[in-house]
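Fold and contact review
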Amino acid sequence: QVQLVESGGGLVQAGGSLRLSCAASGSIFSINQMAWYRQAPGKQRDVVATITPGGRGNYADFVKGRFTISRDNAKNTVSLQMNGLRPEDTAVYYCNANILRSDVSGRPVRPMDYWGQGTQVTVSS
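Residues numbered from 1 in each chain as written. Predicted model: local features only at pLDDT ≥ 70, side-chain atom pairs only at ≥ 80, totals over all residues. Heavy atoms only, no water.

Focus: the pattern of salt bridges
Pairing of side chains with opposite charge becomes possible as their charged atoms draw close. Scanning all chains against the criterion turns up 3 salt bridges. With a shortest N-O distance of 3.1 Å, Lys 64 and Asp 61 are connected by a salt bridge. Judged by relative accessible area, Asp 61 falls into the exposed class, the value being 64%. Arg 66 is the salt-bridge partner of Asp 89, the closest N and O atoms lying 2.7 Å from each other. Separated by 23 residues along the polypeptide, Asp 89 in the loop between β8 (77-82) and β9 (91-101) and Arg 66 in the loop between β6 (57-59) and β7 (67-72) bring together distant segments of the chain. Residues Asp 89 and Arg 66 agree in their burial class; the two are buried. Salt bridges linked by common partners bring Arg 38, Arg 66 and Asp 89 together as one network. (Salt bridge = Lys/Arg side-chain N within 4 Å of Asp/Glu carboxyl O. Buried < 20%, exposed > 50% of the residue type's maximum accessible area, 1.4 Å probe, protein only. Helix = DSSP H or I, 4+ residues; strand = E, 2+ residues; numbered from the N terminus.)

Take a look at the structure:
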């Protein structure tokens, strides 16, 4: 069983910073893309940033220059450093990872997307 667990959300004033972290655990063969998404009330879930296994990040326009995504392949973790937060950044943030699970013999199973439980980020004006 594979699980993603997020941490680091909270309440911050506009202009402040937060760092979100996500750890993948379980019978993992390898992890492809990892990403952060967010969803505000009444809105769709949008991609915030993605990162390749080699560490190449890609960002939504609304966070470019403010957020930084990173990963540690040895620890199976991905983080999102959020600076210059704005009230419109308020949302539930979700960790996502495309993972090849290991079967009982240690062999890879077809890749699947896994999601964290979400962590609330609230930015006050």
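Re unusual backbone geometry
Positioned with a positive phi, Asn 76 is a non-glycine residue whose angle comes to about 55°. Within the fold, Asn 76 resides in the loop between β7 and β8.

Considerations on the state of the cysteines
Working definition: the covalent bond between the sulfur atoms of two cysteines is a disulfide. By the definition in use, this model includes 1 disulfide. Between the sulfur atoms of Cys 22 and its disulfide mate Cys 95 the distance is 2.1 Å. Residues Cys 22 and Cys 95 are joined through a disulfide that is left-handed, its torsion about the S-S bond being -80°. Residue Cys 22 is located in strand β3 (residues 18-25), and its partner Cys 95 is located in strand β9; the two are separated by 73 residues in the primary sequence. No difference in accessibility class separates Cys 22 from Cys 95, as the two residues are buried. (Disulfide = S-S within 2.5 Å.)

Focus on the pairing of β9
Burial runs high along β9: 9 of the 11 residues are buried. Of the strand pairs in this sheet, strand β4 (residues 28-39) and β9 are connected by 9 bridges, and their pairing is antiparallel. Within the sheet, the bridge partner assigned to Ile 28 lies in β9 and is Arg 101. For β9 and strand β11 (residues 119-124), the ladder comprises 3 bridges, and the chain directions are antiparallel. Considered in β11, the bridge of Tyr 93 is made with Thr 119. Here β9 pairs with strand β10 (residues 112-115) via 4 bridges, running antiparallel. Of the residues in β10, the one forming a bridge with Asn 98 is Asp 113. (Pairing = 2+ DSSP bridges.)

Structural notes on the sheet that holds β8
Sheet architecture is open: 4 strands sit in the order β1-β3-β8-β7, paired in antiparallel fashion. In the strand order of this sheet, the two ends are held by β1 (3-7) and β7, each with one partner. Mean inter-strand twist for the sheet, computed between neighbouring axes without regard to direction, equals 15°. Relative to β8, β3 runs antiparallel, the two being bridged by 6 bridges. Looking at the pairing, Ala 23 lines up with Thr 77 of β8. (Axes fitted to C-alpha atoms, helices over the stretch in contact; angles between N-to-C directions.)

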